[in-house]
Amino acid sequence: MRLRAYILVLALLGALGAAEAEPMTPLLAPLEAARLRAQLWHTPTGPTRLRLLLQLADDLVARHEELATPLDSAASYGRQALALSTRLADPAGRIRSWYVLGQLPEASSAADTTGRAALRHGLRLSQQLPSPALEAAGWFYLASSYPRTTAGLPRKLATYARAAALFAQAGRPLEHAYVLKTMADMHLLQGHSGQAEQELLRVLALYRAAGHRELHYTYDLLRGATRQVGNYQAALRYGLAAVESAQATHDTTSIAYLYASLAGIYKELNQPAQALAYYQRALRHAQLGQSAAGIAITSVAISRLLLSQHQPGQALRFLQTLAGNPHATNSAVYLSCLVDCYVALGRYAAAERTVSQLLTLAKQPATDDMARLNAHLAAGKFYLATVRYAEARPQLQQALELCQSAGYLLQAASLHQLLFRADSAQGRFPAAIAHFQQYKRLNDSVFNAARNQQLASLEIQYGTRQKEQNIALLTKQSLLQQTRLRQREQQRNALLVGAGLLLLLLGLGYNRYRLKQRSNRLLRAQQAEIAQRSQELARLLAEQRELLSEKEWMLREIHHRVKNNLQVIGSLLHTQADYSADPAIQAALEQSQYRVQAMALLHQHLYQADRVGRVPLPTYVQELAVHLLDAFDAAARVRLHLDLAPLALPVAVATPLGLALNELLINSMKHAFGPGQPGTLTLTGRLLAPSTYLLSVADDGQGLPPDFDPSHTHTLGLTLVTGLSRQLDGEFALLPNPAGRGTVAHLRFLVASPTAA
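Residues numbered from 1 in each chain as written. Predicted model: local features only at pLDDT ≥ 70, side-chain atom pairs only at ≥ 80, totals over all residues. Heavy atoms only, no water.

1. Notes on the sheet that holds strand E5 (residues 692-699)
The strand order across the open sheet built from five strands is E2-E4-E5-E7-E6, with neighbouring strands paired in mixed fashion. Pairing within the sheet leaves two strands with one partner each, and these edge strands are strand E2 (638-644) and strand E6 (731-736). The sheet shows a mean angle of 15° between the axes of neighbouring strands, direction not considered. Here helix H27 (residues 617-631) sits on the sheet and contacts E2, strand E4 (679-689) and E5; the angle it forms with E2, its principal contact strand, is near 170°. Sheet contacts for helix H28 (residues 651-671): E4, E5, E6 and strand E7 (743-750); angle to E5, the most-contacted strand, approximately 15°. (Pairing = 2+ DSSP bridges. Helix = DSSP H or I, 4+ residues; strand = E, 2+ residues; numbered from the N terminus. Axes fitted to C-alpha atoms, helices over the stretch in contact; angles between N-to-C directions. Contact = heavy atoms within 4.5 Å.)

2. Concerning a positive patch on the surface
Residues Arg514, Arg518, Arg521 and Arg524 make up a contiguous surface patch of positive charge. When you line up the elements, Arg524 lands in helix H25 (residues 510-579). Residue classification places Arg524 among the partly exposed positions, given a relative accessible area of 47%. (Patch = residues over 30% accessible without salt bridge, like charges linked within 9 Å, V, L, I, M, F, W, Y side chains within 5 Å. Areas by Shrake-Rupley, 256 points an atom, 1.4 Å probe, with all protein chains shown as cover. Salt bridge = Lys/Arg side-chain N within 4 Å of Asp/Glu carboxyl O. Lys, Arg positive; Asp, Glu negative; His and termini not counted. Charge placed at Lys NZ, Arg CZ, Asp CG, Glu CD. Buried < 20%, exposed > 50% of the residue type's maximum accessible area, 1.4 Å probe, protein only.)

3. With respect to the pairing of E4
Taken together, the seven bridges between E2 and E4 define a ladder with parallel strand orientation. Among the inter-strand pairings, Asp643 is bridged to a residue of E4, identified as Thr684. One ladder, built from eight bridges, connects E4 with E5; its direction is antiparallel. When the bridges of E5 are listed, Gly685 appears paired with Leu695.

4. A look at the nonpolar core
In terms of nonpolar packing, the biggest core is built from 108 residues, with Val179, Leu319, Val339 and Leu415 touching the most fellow members. The biggest single contributor to this core is helix H18 (residues 332-344), with 10 residues. In contact with Leu415, other than residues within four places in its own chain, are Leu377, Leu396, Ala399, Leu400 and Cys403. If you look at the next biggest cluster of nonpolar residues, it comprises 39 residues, including Val621, Leu647, Leu681 and Leu747. (Core = buried A, V, L, I, M, F, W, Y, C linked by side-chain atoms within 4.5 Å.)

5. A look at the pairing of E6
One ladder, built from six bridges, connects E6 with E7; its direction is antiparallel. Bridge pairing in E7 links Glu731 to Arg748. As consecutive antiparallel partners, E6 and E7 are separated by six residues, and within that stretch Gly740 has a phi angle of approximately 140°, a positive value.

6. Brief notes about the environment of Glu32
If you trace the backbone, Glu32 turns up in helix H2 (residues 30-41). The class for Glu32 is partly exposed, based on a relative accessible area of 28%. A distance of 2.7 Å separates the side chain of Glu32 from the side chain of Arg35, its partner in a polar contact. (Polar contact = N/O pair within 3.5 Å; in protein donor to acceptor, adjacent residues only side chain to side chain.)

7. Some remarks on the packing of helix H13 (residues 255-268) against helix H14 (residues 272-288)
One can describe the packing of H13 onto H14 by two numbers: an axis separation of 8 Å at closest approach and a directional angle of 165°. As judged from the angle between their axes, H13 and H14 are roughly antiparallel. Taken as a pair, H13 and H14 cross one another with a handedness that is left-handed. Residues Ile255, Ala256, Tyr259, Ala260, Leu262, Ala263, Gly264, Tyr266 and Lys267 of H13 lie in contact with H14, whose contacting residues are Gln274, Ala275, Tyr278, Tyr279, Arg281, Ala282, His285 and Ala286. Classifying every residue of the contact of H13 with H14 gives 12 nonpolar, three polar and two charged. (Parallel < 35°, antiparallel > 145°, perpendicular 65-115°, else oblique. Left-handed = near helix turned anticlockwise from the far one by under 90°. Nonpolar A, V, L, I, M, F, W, Y, C, P; charged D, E, K, R; others polar.)

8. Re H13
Since the α-helix packs 3.6 residues into each turn, any two residues three or four apart lie on the same face. With 14 residues, H13 should cover 20 Å at 1.5 Å per step; its first-to-last C-alpha distance of 20 Å lies within 8% of that length. Taken across its 14 residues, H13 has 14 buried, putting it largely inside the fold. Remark: Asn270 follows H13 within two positions and exhibits a positive phi of approximately 60°. (Expected span 1.5 Å × (residues − 1).)

9. Considering helix H4 (residues 74-88)
Taking 1.5 Å per residue, 15 residues should reach 21 Å; H4 reaches 21 Å between its end C-alpha atoms and fits that length. Every buried residue belonging to H4 is among Ala74, Ala75, Ser76, Tyr77, Gly78, Ala81, Leu82, Leu84 and Ser85, and all of these are buried.

10. Things to note about the state of the cysteines
Applying the stated criterion across every chain, the model contains zero disulfides. Unpaired in terms of disulfides, Cys337 finds its nearest cysteine sulfur in Cys341, a separation of 4.4 Å. According to the relative accessible area criterion, Cys337 is buried, its value standing at 0%. (Disulfide = S-S within 2.5 Å.)

11. A short note on the pattern of salt bridges
By the definition in use, this model includes 15 salt bridges. Residue Asp340 is joined to Lys381 by a salt bridge in which the shortest nitrogen-to-oxygen separation is 3.4 Å. Linking Asp340 in helix H18 with Lys381 in helix H20 (residues 369-385), this pair joins segments that are 41 residues apart in sequence. The class for Lys381 is partly exposed, based on a relative accessible area of 30%. We note a salt bridge from Arg393 to Asp423, for which the minimum N-O separation is 2.6 Å. Of this pair, Arg393 sits in helix H21 (residues 389-406) while Asp423 sits in helix H22 (residues 409-425), and the two are 30 residues apart along the sequence.

The values are spatial; any link to function lies outside them.
Here's what the structure looks like:
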């Protein structure tokens, strides 16, 4: 929710009513997540493995929701957890597994699809258990899956209300407060600011009673609620309190957003210098956090501020730095700002093309109200600038309706002023006068001398607190420095007394003592230099070992993830084959599944092998053959005989060789033995020369047809084997088995620097 809130808060000239919300459960630190993944590899089947799978899956889903990070292995973890919890007869684990699978992005959309079915299934299980806390979590996840649109908000709120009641019943005050805060956020989107403010004050009371210190998210929502009704004094107070709370709890993940919120308030109050200062702080923190969306949206807000200061050229150049950022260039915020820059520079053709993109985006069902407001506002201002008043008026009217529902007073005042211009130009003087009166009333309600004095007082109070904190810190530092100086003075005095005593005692042996001291100093200097160089050498060796270990770990992780992805692809092909009624399509999909499984098995050996980057050929060939025998249900009737010289192959050789061997084994399973027919499959391999290896696949089955000619056969399998043998700089031959019945396939290929497996 952080990313969505960040986008909304800057969607209109840098400040809207939407606000920041933290995740229900804290995200795992990167090092902790890495430790749990490493622990998962070595944990056998049991309750501990189930707990690790669910913890990692929940964290990946929450990170994707909060920070828009990739889901990585979340789906795989969820499916493994579901299977394991079923095997262990763990009802709570099954419920949490269904919740994970139901939260995946592809599992839910505007329609009621598989994702919500998974969540509802988990809900039914929690009601049978029964478990109020688990059921409450299910209602919360279900509510979060509904779209944040005008039509979807009532259903979201009703579902959130059920979750809040169950959390309260289960005695979970933090979760209860979190759901109430989420409901307040929804009420803000509906424009119910007063109701949202009352809910948030209740949330504050619950959090304080529970000792919860991270109150800045709640303060920020209160900032949004009070700003939405034009109470800028309270909005600024809550915004400053949110920043102070984030600093006190060292929560830097949200500090950029909070600075941007304050900048938006100052911009609405026509204080561009303060607004720019806070926007620049927000941009620096977004860059430090490497948040592409945060950088994009803050940059758009700075461009709009430059536009308001009549610097369109600089604003456009600032926007052009975001050309490669999809978070910016695909959004209504970016496009509407681009239109305003083009209009200010007189580039009307470019502006009209961008307006067309905006209006197309506004018509899409998934577009939210704030994006539509941006689109209609930019279109209306463009049509006014090009003296097309008849087209401008309906666009501005739609923007005004959306703005009034959001409670954005200053933007509503600006829209009344624009409608006054459009109506005046068309001779609609009564409507023009009414719009002008509304503009003056709204503008005067925000800007008056008393309110400006109150805001200045708040700034002074905030600055005074900051200075008092700095003075206290400097005082402590000064006292510490004075203590250190006294200690050094005492040490110096003691040293002087000792030196005087030594001079008195040594007397006549002074010259001899001086020579001896000089020799000792030289010796100590040499010893110190030797020790320093030894330490440096040891440090460099330790760093080298650490880098090598880290590189090997990263390679294993990459191969493990590639294997997981290939297994997912294989599962998808298997599922697609099950849903296909055409036998030819089923056969093609099964063939593709076997090829994908061969590559997945290869990557599994890469990350399990003692030497990363090399595959032990005998083990790999045996597992591939056994897997295909099981896939063709031939393990009981076809005997497998292996005679392979030990060899470890690099990835560049093992990949095409594995695919070619996969095709030859499939060909033997399909054509060598009839239904129920027993037989023997023999795989031999030996080094013919230091860099040449011969791999043979022989069977005692039906053999080749009398008229079979390999050079005129164009089946996909043999074509693949021929092509892969060329890739290996080798040769392929398919011949009758010289031992009697059946067929033998020879694959001769070159191996650079062969090593024993």
